[in-house]
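Summary of structural features
Listed below are the residues making up each chain.
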Amino acid sequence: MRPILKSSKLANVCYDIRGPVLDRARQMEEEGQYIIKLNIGNPASFGFDAPEEILQDVIHNLSAASGYCDSKGLFAARKAIMHYTQQKRVKDVRMEDIYIGNGVSELIVMAMQALLNTGDEVLVPSPDYPLWTAAVVLAGGTARHYVCDEQSGWLPDLDDIRSKVNSNTRAIAIINPNNPTGALYPDEMLFEIIEIARQHQLIVYADEIYDKVLYDGAEHTSIASLADDVLFVTLNGLSKNYRAAGFRSGWAVVSGTKQYARDYIAGLTMLASMRLCANVPSQFGIQTALGGYQSINDLVLPTGRLMRQRDLAWKLLTDIPGVSCVKPSAAMYLFPCLDPKMYPIEDDEQFVLDLLLEEKVLVVQGSGFNWPRPDHFRVVFLPNSDDLTEALGRVADFLGRYRKRHRT
């Protein structure tokens, strides 16, 4: 028989957060080896449980969740999301502007499928959450990566963005707070991005899934709150702020110049209808999550577990010779840099595989986030302090041996 090949559309698609190195880690676990996983931002795996009141609301309403709901989502859930957008000062959001999906991931794919024709381009950050690049490519578009500048705290390079806009550019995506860098964008930066979008009639897609995971008293501004003469699609959900990643419950909010986007919005609505609806049980948790006690605020205090682990992981990494790292202002990740003179890495996937094989610690290489050089990797700081100390001690041992092997 002739070989059965995957679609050519997948040729430039990667999702190395769950890629070949993870497959090898699973094999090692099946052999009885214990792997310390610093690769996936899955709060529940590390003892960060969803608030009990959310679980109880879902359980209480299971008997009402057997059938399909409206393709855009339950009324009460969308009403709560509408109120949340008002709290974030986003203007003129109505019920029909809100789409609930099976996580933000599904909604990103839908948003790109509804927009892009072959040859269209979307400006995507580098580094990025790789689903953004993948969704653009699968929709037939081209992801044009604009640089986020490590020397400026990983803020987008505005000149680089401007240089990459052309007649095929349809939109710009921002991830704020950022995964994988933990950067939080100031209002001045957001205004500049809006101005670029305004001048070139671009849609602004804002992935704001970490908008409550903020440290050191930082505050998050939703970019859609800063203008109403640009089209915005803002994405958020329960996965991170409410530690309910497995619920797969996210939402997209359309705001701004909706009157000029009726056809695009009709396309989004069509795609929402084609998948019938998002999973219904988890939608019963949205109203309670957004309107209830915000326990994430306790976790990000100086005495809170998330902030303590951020500080610990950052110190342990930056104490290693030749390792530097911008301290994240938000989210759950560190994106350390390896001095190329001390660590002359040519293949960063092989580098993290070697780390896995030698030290049984799993991280994700920087190229998995569409970073162009083999000098970064991402660390999740969700494991408890003892596990973080053990894991990053092993990383330090591995890097020490690496330096000796490559000493010139």
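Above this text sits the structure in question.
Residues numbered from 1 in each chain as written. Predicted model: local features only at pLDDT ≥ 70, side-chain atom pairs only at ≥ 80, totals over all residues. Heavy atoms only, no water.

1. Section: the overall build of the chain
- Helix and strand counts for the chain come out as 14 helices and 15 strands.
- By the compact-globule yardstick of 22 Å for 408 residues, the chain fits well, its C-alpha radius of gyration being 21 Å.
- Referenced to the eigenvectors of the C-alpha coordinate spread, the extents of the chain come out at roughly 65 × 60 × 50 Å.
- Per-residue burial for the chain yields a buried fraction of 57% across its 408 residues.
- The long-range fraction of contacts in the chain, counting pairs at least 24 apart against all pairs at least 6 apart in sequence, stands at 73%.
- Here the chain displays about 17,600 Å² of accessible surface, and carbon together with sulfur accounts for 50% of that area.
- For the chain, the distance from the average position of its 41 positive side-chain charges to the average position of its 50 negative side-chain charges is 2 Å. (Helix = DSSP H or I, 4+ residues; strand = E, 2+ residues; numbered from the N terminus. Rg over C-alpha atoms; globule rule 2.2 N^0.38 Å. Buried < 20%, exposed > 50% of the residue type's maximum accessible area, 1.4 Å probe, protein only. Contact = heavy atoms within 4.5 Å. Areas by Shrake-Rupley, 256 points an atom, 1.4 Å probe, with all protein chains shown as cover. Lys, Arg positive; Asp, Glu negative; His and termini not counted. Charge placed at Lys NZ, Arg CZ, Asp CG, Glu CD.)

2. Notes on the pattern of salt bridges
- Counted according to the given criterion, the structure contains 23 salt bridges.
- In this structure, R26 engages D23 in a salt bridge whose closest nitrogen and oxygen atoms are separated by 3.4 Å. Residue R26 and its partner D23 are located together in helix α1 (residues 20–30), separated by three residues, close to a single helical turn.
- On the basis of relative accessible area, D23 is assigned to the partly exposed category, the value being 36%.
- In this structure, R198 and E195 form a salt bridge, with 2.5 Å as the shortest nitrogen-oxygen distance. Of this pair, R198 and E195 both sit in helix α7 (residues 187–200), three residues apart, which is roughly one turn of the helix.
- For E195, a relative accessible area of 30% corresponds to the partly exposed category.
- Look at the salt bridges and you will find they share partners, linking D92, R94, D97 and K258 into a network. (Salt bridge = Lys/Arg side-chain N within 4 Å of Asp/Glu carboxyl O.)

3. A short note on the packing of helix α12 (residues 305–318) against helix α14 (residues 385–405)
- Remark: α12 packs on α14, axes separated minimally by 10 Å, with the N-to-C direction vectors making an angle of 15 degrees. Between α12 and α14, the interaxial angle falls into the category roughly parallel. You can see that α12 and α14 cross each other, and the crossing is right-handed. Facing α12, whose interface residues are R308, Q309, L312, A313, L316 and L317, α14 presents S385, L388, T389 and L392.
- Looking at the contact of α12 with α14, its residues break down into six nonpolar, three polar and one charged. (Axes fitted to C-alpha atoms, helices over the stretch in contact; angles between N-to-C directions. Parallel < 35°, antiparallel > 145°, perpendicular 65-115°, else oblique. Left-handed = near helix turned anticlockwise from the far one by under 90°. Nonpolar A, V, L, I, M, F, W, Y, C, P; charged D, E, K, R; others polar.)

4. Topic: the pairing of strand β6 (residues 169–175)
- Along β6, six of the seven residues are buried, which leaves the element largely enclosed by surrounding structure.
- Bridging between strand β3 (residues 121–126) and β6 involves three bridges; their strand directions are parallel. Of the residues in β6, the one forming a bridge with L123 is I172.
- Two strands pair when backbone bridges link them, and β6 and strand β7 (residues 203–207) are joined in this way by five bridges, in the parallel orientation. Note on β7: the bridge partner recorded for A173 is Y205.
- As for the winding sense of the linkage, the β-α-β connection from β6 through α7 to β7 is right-handed. (Pairing = 2+ DSSP bridges. Right-handed = clockwise from strand over helix to strand, strands pointing away.)

5. Section: helix α3 (residues 75–87)
- With 13 residues, α3 extends 18 Å between its outermost C-alpha atoms, agreeing within 8% with the 18 Å of an ideal straight helix rising 1.5 Å per residue.
- Residues of α3 that are buried include every one of A77, R78, A80, I81, M82, Y84 and T85, and no others.
- If you follow the buried residues of α3, they end up packed against β2 (98–101), β8 (231–237), β9 (250–256), α9 (280–283) and α10 (286–291). (Expected span 1.5 Å × (residues − 1).)

6. Comments concerning empty space enclosed by the protein
- What the rule picks out here adds up to two cavities of 30 Å³ or more.
- Taken as a whole, the largest cavity encloses approximately 100 Å³ of empty space.
- If you trace the largest cavity, you find it lined by Y84, T85, K88, V90, E208, D211, S222, T234, N236, W251 and V253.
- If you list the elements that add at least two residues to the lining of the largest cavity, you get α3, β8 and β9.
- Residues that form the lining of the largest cavity fall into these classes: four nonpolar, four polar and three charged.
- Considering the residues around the second largest cavity, the lining is formed by Y99, L107, M110, A111, V233, A252 and L268.
- At three residues, the largest contribution of residues to the lining of the second largest cavity is made by helix α4 (residues 103–115).
- When the residues that make up the lining of the second largest cavity are grouped by side-chain class, the tally is seven nonpolar, no polar and no charged. (1 Å grid on protein atoms, 1.4 Å probe; cavity = no way out; pocket = protein on both sides within 12 Å on 5 of 7 lines; lining within 4 Å. Points joined across faces, edges and corners; volume = space filled by probe spheres on them.)

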